[in-house]
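Residue-level structure breakdown
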Amino acid sequence: MEPFVSQVYFGDLLAGTDEAGRGPLAGEVVAAAVILDPKRPILGLADSKKLTEKKREALFLEIQEKALSYGIASATIEEIDDINILHASMLAMSRAVALLAIQPEHVLVDGNRIPPNLPCSAEAVVKGDARQAAISAASILAKVTRDRDIVKAAQQYPEYGFEKHKGYPTAQHLEAIRLHGVTPIHRRSFGPVKKDFRGISIVHVIYTSTSTY
C-alpha cells in the first residue's frame, strides 16, 4: 500500500490519531495520538491489527519511550450508547489529541472523517494505520490499551470469554450473552446486545469514566 505523505504540512509537529474498539459489543472505545520524533525512528510500525500481540506489546513500550508526545483517551460505554459509536470514536480521538504535551501543528486522522475541536489543521487518511507511521503508532497504543482493559473484564465476567474475543461478536460471545444476559460493560445500543438485553440494572462499570489512562 502506498505510504501517505501530506501535501499541506511539511514540519515535524505532526500527530497521528486512531481508535480501537468500534466493532466490539462491550467496553470503551479507546483512541491515541502520537507525535513521533524524527531523530528516533521506530522500526516495524504498521496497522496494529496486522501485528502479533507480542510485537504490539514491544512497540507499545518503544513508542512511549521514543515519541515526542503521546496521549491515550477513551469514550465511555455510556457515551457510546448516548451519541453512537462513530461520534464516540471522534470524541475519543479529540481527547487523545488534547492530551498531547506538545501541541501539534497538523493532525492526520485514520479514516475518512475528522474529529471536531482539534487544535490545528487536520487531514483524514483512509487506511492511514497502514500508510503513515504516526497513525500506525497511535493504532498500536490504542489497541494495546483497549485489549488490556477488556482482558481485565474477563476476570470479573469469566463466563463471557473476553480474554479470547476482546468483546467482538464471535459465536462464543453471542452464545454467552444468550445464556447469561448482558453485563454492565456491554453496549446496550448495539443490535445483538439490545436484542438480548434483559432489563439488568446497570449499577456499575468496571472502567473509570475518566478519558485518560
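See the structure printed just above.
One structure accompanies this document, and this report is about it. These numbers come from a predicted model, not from an experiment.

**Observations regarding the overall build of the protein chain**
- Counting secondary structure elements, the protein chain contains 7 helices and 5 strands.
- Starting at the N terminus and walking to the C terminus, you meet the elements of the protein chain as β-β-α-β-α-α-β-β-α-α-α-α.
- Across its three principal axes, the protein chain shows a C-alpha extent of roughly 55 × 35 × 30 Å.
- Counting over 213 residues, the protein chain shows a buried share of 51%.
- Looking at the protein chain alone, contacts between residues at least 24 apart form 64% of all its contacts between residues at least 6 apart.
- Here the protein chain carries 25 positive and 25 negative side-chain charges, and the mean point of each set is 4 Å from the other.

**Observations regarding helix 4 (residues 133-156)**
- Helix length check: helix 4 (24 residues) gives 36 Å between terminal C-alpha atoms against 34 Å at 1.5 Å per residue, within 8%.
- The element helix 4 is extensively covered by neighbouring structure, given that 18 of its 24 residues are classed as buried.
- Regarding helix 4, its N-cap is Q132, as a side-chain oxygen of that residue lies 2.8 Å from the backbone nitrogen of A134 further along.

**Concerning the nonpolar core**
- One finds V29, V107, F162 and I185 to be the most contacted residues of the largest nonpolar core, which totals 36 residues.
- At the level of elements, strand 2 (29-35), strand 3 (69-75), helix 2 (77-83), helix 3 (85-98), strand 4 (106-110), helix 4 and helix 6 (171-180) are the ones that each hand at least two residues to this core.
- Excluding its chain neighbours within four sequence positions, the residues that come into contact with V107 are A15, T17, V97, L118, C120, S121, A122 and E123.
- In this structure, A32, L51, A138 and V144 belong to the second largest nonpolar core, which totals 20 residues.

**Digging into the pattern of salt bridges**
- Enumeration according to the criterion identifies 9 salt bridges in this entry.
- Two residues, D47 and K49, come together in a salt bridge whose shortest N-O distance is 3.2 Å.
- Note that R148 is salt-bridged to E57, the shortest N-O span being 2.6 Å. One end of the pair, R148, is in helix 4; the other, E57, is in helix 1 (residues 53-66), with 91 residues separating them in the sequence.
- Classification of R148 by relative accessible area gives partly exposed; the value is 36%.
- Among the charged side chains, a network of salt bridges with common partners joins D47, K49 and D129.

**Considering the pairing of strand 4**
- Buried residues dominate strand 4, accounting for 5 of its 5 residues.
- Side-chain alternation along strand 4 places H106, L108 and D110 on one buried face and V107 and V109 on a second face that is also buried.
- One ladder, built from 5 bridges, connects strand 4 with strand 5 (residues 121-125); its direction is parallel. Note on strand 5: the bridge partner recorded for V107 is A122.

**Structural notes on the sheet that holds strand 2**
- The strand order across the open sheet formed by 5 strands is 3-2-1-4-5, and the pairing between neighbours is mixed. Strand pairing shows two members of the sheet lacking a second neighbour, strand 3 and strand 5, which therefore form its edges. In this sheet, neighbouring strand axes are inclined to one another by 20° on average, regardless of whether the strands run parallel or antiparallel.
- Judged from the 4 bridges that link them, strand 1 (residues 14-20) and strand 4 form a sheet pairing that is parallel. Across the sheet, the residue bridging to A15 is V107, located in strand 4.
- Here helix 3 sits on the sheet in contact with strand 1, strand 2, strand 3 and strand 4, set at roughly 35° to strand 2.
- This element, helix 4, spans strand 1, strand 2, strand 3, strand 4 and strand 5 of the sheet and lies at about 35° to strand 1.

**So, helix 1**
- With 14 residues, helix 1 should reach 20 Å at 1.5 Å per residue; the first-to-last C-alpha distance of 20 Å fits that figure.
- By the burial criterion, the buried members of helix 1 are R56, L59, F60, I63 and K66. Down the axis, helix 1 shows its buried residues gathered within 155° of arc, on one side only. Exposed and facing more than 90 degrees away from the buried side of helix 1 are K54, L61 and E65.

Thresholds, definitions, all that
Position numbers for residues count from 1 along each chain, tracking the sequence in the order it is written. Reporting of local features is limited, given that this is a predicted model, to residues whose pLDDT is at least 70; pairs of side-chain atoms are given and counted only at 80 or more, and all residues count toward the totals for whole chains, interfaces and linings. Processing note: side-chain calculations cover all non-hydrogen atoms of the structure and skip hydrogens and water entirely. Helix numbering and strand numbering both begin at the N terminus, where a helix is a DSSP run of H or I of at least 4 residues and a strand a DSSP run of E of at least 2. Only protein chains enter the area calculation, which uses a 1.4 Å probe; residues under 20% of their type maximum are buried, those over 50% are exposed, and those in between are partly exposed. Whether two residues are in contact is decided by their heavy atoms, any of which lying within 4.5 Å being enough. Neither His nor the chain termini are counted; the positive set is Lys and Arg, and the negative set is Asp and Glu. By convention, the point assigned to a charge is CZ for Arg, NZ for Lys, CD for Glu and CG for Asp. Helix span, as expected, comes to 1.5 Å for every residue beyond the first. The definition of a polar contact used here is a pair of N or O atoms within 3.5 Å, where within protein one atom must be able to donate a hydrogen and the other to accept one, and adjacent residues in sequence count solely through side-chain atom pairs. Put simply, a nonpolar core is a bunch of buried Ala, Val, Leu, Ile, Met, Phe, Trp, Tyr and Cys residues held in one set by side-chain atoms that sit within 4.5 Å of each other. Should a side-chain nitrogen of Lys or Arg be within 4 Å of a carboxyl oxygen of Asp or Glu, the pair is scored as a salt bridge. Two strands form a pair only when DSSP identifies at least two bridges running between them. Inter-axis angles, ranging from 0 to 180 degrees, are taken between N-to-C directions of lines fitted to C-alpha atoms, where helices are fitted over the stretch in contact. Along the arc lie the directions from the helix axis toward the C-beta atoms.

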